[in-house]
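# Chain and residue survey
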Amino acid sequence: MNLFTWSWIFLVIYVGGMLIIGFFAGRQVSDADSFATARGSYGPGFLSFAFAATTASGATFLGGPGLAYQYGFAAIWSAMYPLGIYLGLLICLRLVSSAGNRFANRSIPEFLGDRYGSEGIRILVSIFSLLLFFYLAGQLVSGLVMFETMLGLSQGSALVFTTVVLLIYVTIGGAHADILTDGVQGFIMLLLAIVVVAMFALGFGVVGGFDGMVDKLEALDPNTVTVLNKESPLFHGWWGTLAWTIALIPFGLLPHIGNKLWALKSSSDRLKFVRYAFCVSAVMALMGLGGILARAVLGDTLFDDGMNPNQALPMLFIELFPTWLAALIGVGILAAIMSTADGLVVSSSQIIANDIYRRSIAPRLHNHLDEEALDTRVLLISRWSTVIILLSCMALAWALIDENIAIIIMMGSGGLIAAFAGPLVMGAVWKGVTRSGAYAGLTSGIIAFSIFHSGILNPEWFSAVPALHSAVSWLAREAPNPYSCALMGEIVSVFVTWLVSILTSPLPQEHIEDFFDSDQKMSAN
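Because the structure is a prediction, the values reported are computed rather than measured.

We now examine the overall build of the chain. The helix and strand inventory of the chain stands at 22 helices and zero strands. By the compact-globule yardstick of 24 Å for 525 residues, the chain fits well, its C-alpha radius of gyration being 23 Å. Taken over 525 residues, the chain has a buried fraction of 59%. Counted over contacts in the chain with a minimum sequence separation of 6, partners at least 24 positions apart contribute 84%. As displayed, the chain offers around 19200 Å² of accessible surface, 67% of which is attributable to carbon and sulfur atoms. Looking at charge distribution, the chain has the averaged site of its 24 positive side-chain charges lying 11 Å from that of its 34 negative ones.

The structure is reproduced here in structure tokens:
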């Protein structure tokens, strides 16, 4: 049998399994809260696989190898991203987990709204969170690449297929379907990552093994075997390179990831959960090594017309393994894509159903509904908004089809993590952040990221002042790197949050104590 036949066989088994889990998860959904959060339902072991799988995504399993294929060893710096994510998670974990559960928050925007006692902040964060549509579009592009490569589908058919599979099992099972499928997919992804690391270490498929792989890369492009790649807009200097780690400190609290913290059964398992998830993520992050090996094995073929470096990993498997094994491994990559996409869909649906409808519209226009009727309506809106969101992101994915997946994802998440740095991360450790400070941090962070990443600052405007000309020239060089721009936006957000907070009225002391002492209050109850 050929590759396409084997791929269809394994795909039917995989998708069938995910749909069965989705239908099973649907039986766990008793109300809108369980659809949104699966609150208190999972232990640290299984949830750690689900969490790590969600943070990895198609960016790690396709975008990362694609960047490594293009830029070589310098791209390994991107594998440091779990350090940033889990440092941020440790900083915010206690407050987000305990206060979020005590106040029955269903989303990160709702949590921030309650943290600062502000409906305006909740609505503003909800609007900003719509930037994650780019993130979801990146996952759909990842699915498109896999179905096109492994199944021989046209781009349009592959995109529709990816969207429909997601639509079915997420609409039915919500957060339970998200976590259950992600936990299973996380285990598959971990096994695949171990295989890729072993292949890289052995220089598998290259004459001369590891040393032969390095020699082949140097012959193709000497820049691919250097610590930094001076030809890369992403890895040409230390600032942009280290930004891949530091900029991602708020990443673990993005709406589609942070909401999983409320699914943990016991607060006593928080640190155990973080340790497990970090170890799994650290191995998954090394998937980029497969892109380096792919460049040595495939040469420059993925730079040809009709090809794309995002295909580096699946094309490597097709080249080196029997067709049935290449097809089976392809399912592992598909698992990475689906594991993040489903979480994005659930969290995005809650922006509409919970943050906007339940908390803002219903109290004003539908206050005659009792709690049960309101909950039923919120659940219905959650499911219908899932359909609308996926269709919208399918159109966005089609428009961005030729972009690197990791870059598409950061287009959306970069502005959001820059906005979150002050109000969410700083606000988790410093009780002095005020409502005005939170507003200022949110808006300044996302505006700063937009200015830096858009490249609208022209060095020639400042030619009369050498120091400014030099600084803006550096900013112009960093503009293509969304991670570098996100880190600069985060610095702006933190500084502005601090400055405005010390100049404006603090929140009521009773509110602060009520929020920050949630662990003790829950224990007392």
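So that's the structure; there's more coming.
Moving on to a nonpolar patch on the surface. Side chains of Phe 495, Trp 498, Leu 499, Ile 502 and Leu 503 sit close together on the surface and give an oily, nonpolar patch of about 510 Å² of accessible area. Mapped onto the elements of the fold, Phe 495 is located in helix 20 (residues 482-503). Exposure remark for Phe 495: the relative accessible area of 47% places this residue in the partly exposed category.

At their nearest, the axes of helix 7 (residues 132-151) and helix 16 (residues 371-399) sit 8 Å apart, and the two run at 70° to each other. When the axis of helix 7 is compared with that of helix 16, the two are roughly perpendicular. Helix 16 is crossed by helix 7, and the crossing has right-handed handedness. Residues Phe 133, Phe 134, Leu 136, Ala 137, Leu 140 and Val 141 of helix 7 touch helix 16, and the partners they reach there are Ile 389, Leu 390, Cys 393, Met 394, Leu 396 and Ala 397. Taken together, the residues of the contact of helix 7 with helix 16 sort by class into 12 nonpolar, no polar and no charged.

It is worth spelling out helix 7 at this point. Note that an α-helix has 3.6 residues per turn; residues three or four places apart therefore point the same way. Under the 1.5 Å per step criterion, the end-to-end length of helix 7 is 28 Å for 20 residues, consistent within 8% with the ideal 28 Å. Within helix 7, 18 of the 20 residues are buried, which leaves the element mostly enclosed by the surrounding structure. Gly 152 sits one or two residues past helix 7 and shows a positive phi near 75°.

Right, let's talk about the pattern of salt bridges for a bit. Applying the stated criterion across every chain yields a total of seven salt bridges. Across the salt bridge formed by Asp 114 and Arg 359, the nearest N and O atoms sit 3.3 Å from each other. Placement of Asp 114 in helix 5 (residues 108-115) and of Arg 359 in helix 15 (residues 323-365) is noted, with a sequence separation of 245 residues between them. By relative accessible area, Asp 114 is classed as buried at 14%. Note that Arg 364 and Glu 119 form a salt bridge whose closest N and O atoms lie 2.8 Å from each other. With Arg 364 in helix 15 and Glu 119 in helix 6 (residues 119-129), this pair connects stretches of sequence that are 245 residues apart. On the basis of relative accessible area, Arg 364 is assigned to the exposed category, the value being 54%.

Moving on, we get to the environment of Ser 98. With respect to the element layout, Ser 98 can be found in helix 4 (residues 81-102). Ser 98 gets classed as buried once you look at its relative accessible area, which sits at 1%. Placed 164 residues apart in sequence, Ser 98 and Trp 262 show a C-alpha to C-alpha distance of 8.4 Å.

Another point: the nonpolar core. Grouped together as the largest cluster of nonpolar side chains are 149 residues, with contacts concentrated most on Val 96, Phe 111, Leu 112, Met 213, Phe 273, Phe 317 and Phe 420. Listed in part, the five residues of the second largest apolar core include Tyr 357, Ala 362, Leu 374 and Val 378.

It is worth spelling out the side chain of Asp 355 at this point. Considering the arrangement of structural elements, one finds Asp 355 in helix 15. No salt bridge forms around the buried Asp 355; measuring N to O, its nearest opposite-charge neighbour Arg 122 is 5.7 Å away. Within the local environment of Asp 355, its side chain forms a polar contact with the side chain of Asn 354, the two groups lying 3.0 Å apart. Sequence-distant contacts of Asp 355, defined by excluding residues within four places in its chain, comprise Ser 107, Pro 109, Glu 110, Arg 122, Ser 126, Gln 350 and Ser 360.

On to the packing of helix 4 against helix 21 (residues 509-516). Interhelical geometry of helix 4 versus helix 21 gives an angle of 100° and a closest axis separation of 8 Å. Taken together, the axes of helix 4 and helix 21 are roughly perpendicular relative to one another. Of helix 21, the residues touching helix 4 (which contributes Arg 94, Leu 95, Ala 99 and Arg 102) are Asp 514, Phe 515 and Phe 516. A class-by-class count of the residues in the contact of helix 4 with helix 21 yields four nonpolar, no polar and three charged.

Moving on to the environment of Ala 399. Relative to the helices and strands, Ala 399 is located in helix 16. Assessed through its relative accessible area of 63%, Ala 399 is described here as exposed. Separated by 262 residues in the primary sequence, Ala 399 and Ala 137 have C-alpha atoms spaced 9.3 Å apart.

Now for the packing of aromatic side chains. A complete count under the given rule lists 19 aromatic pairs for this structure. Consider the rings of Tyr 71 and Phe 235, whose centres lie 6.2 Å apart with planes at 65°: the pair is edge-to-face. Pair noted here: Tyr 71 is in helix 3 (residues 44-71) and Phe 235 is in the loop between helix 9 (209-220) and helix 10 (238-246), with a separation of 164 residues, a long-range link. On the numbers, 5.1 Å between centres and 85° between planes, the contact of Trp 77 with Trp 238 is edge-to-face. One end of the pair, Trp 77, is in the loop between helix 3 and helix 4; the other, Trp 238, is in helix 10, and 161 residues separate them in sequence. Three or more aromatic residues joined by ring pairs make a cluster, and in this case those are Phe 51, Tyr 86, Phe 273 and Phe 278. A cation over an aromatic ring shows up here: Arg 295 above the ring of Tyr 69, its NZ or CZ 5.4 Å from the ring centre.

For Ser 493, the position within the fold is in helix 20. Its relative accessible area of 0% is what places Ser 493 among the buried residues. Of the polar contacts made by the side chain of Ser 493, one reaches the backbone nitrogen of Gly 422; its length is 3.0 Å. Apart from residues no more than four positions distant in its own chain, Ser 493 is found in contact with Ala 418, Ala 419, Ala 421, Gly 422, Pro 423, Gly 441, Ser 444 and Gly 445.

Basis of the calculations
- Residues numbered from 1 in each chain as written.
- Predicted model: local features only at pLDDT ≥ 70, side-chain atom pairs only at ≥ 80, totals over all residues.
- Heavy atoms only, no water.
- Helix = DSSP H or I, 4+ residues; strand = E, 2+ residues; numbered from the N terminus.
- Rg over C-alpha atoms; globule rule 2.2 N^0.38 Å.
- Buried < 20%, exposed > 50% of the residue type's maximum accessible area, 1.4 Å probe, protein only.
- Contact = heavy atoms within 4.5 Å.
- Areas by Shrake-Rupley, 256 points an atom, 1.4 Å probe, with all protein chains shown as cover.
- Lys, Arg positive; Asp, Glu negative; His and termini not counted.
- Charge placed at Lys NZ, Arg CZ, Asp CG, Glu CD.
- Patch = residues over 30% accessible without salt bridge, like charges linked within 9 Å, V, L, I, M, F, W, Y side chains within 5 Å.
- Salt bridge = Lys/Arg side-chain N within 4 Å of Asp/Glu carboxyl O.
- Axes fitted to C-alpha atoms, helices over the stretch in contact; angles between N-to-C directions.
- Parallel < 35°, antiparallel > 145°, perpendicular 65-115°, else oblique.
- Left-handed = near helix turned anticlockwise from the far one by under 90°.
- Nonpolar A, V, L, I, M, F, W, Y, C, P; charged D, E, K, R; others polar.
- Expected span 1.5 Å × (residues − 1).
- Core = buried A, V, L, I, M, F, W, Y, C linked by side-chain atoms within 4.5 Å.
- Polar contact = N/O pair within 3.5 Å; in protein donor to acceptor, adjacent residues only side chain to side chain.
- Phe/Tyr/Trp six-rings, centres within 6.5 Å; stacked < 30°, edge-to-face > 60°.
- Lys NZ or Arg CZ within 6 Å of the ring centre and 35° of its normal.

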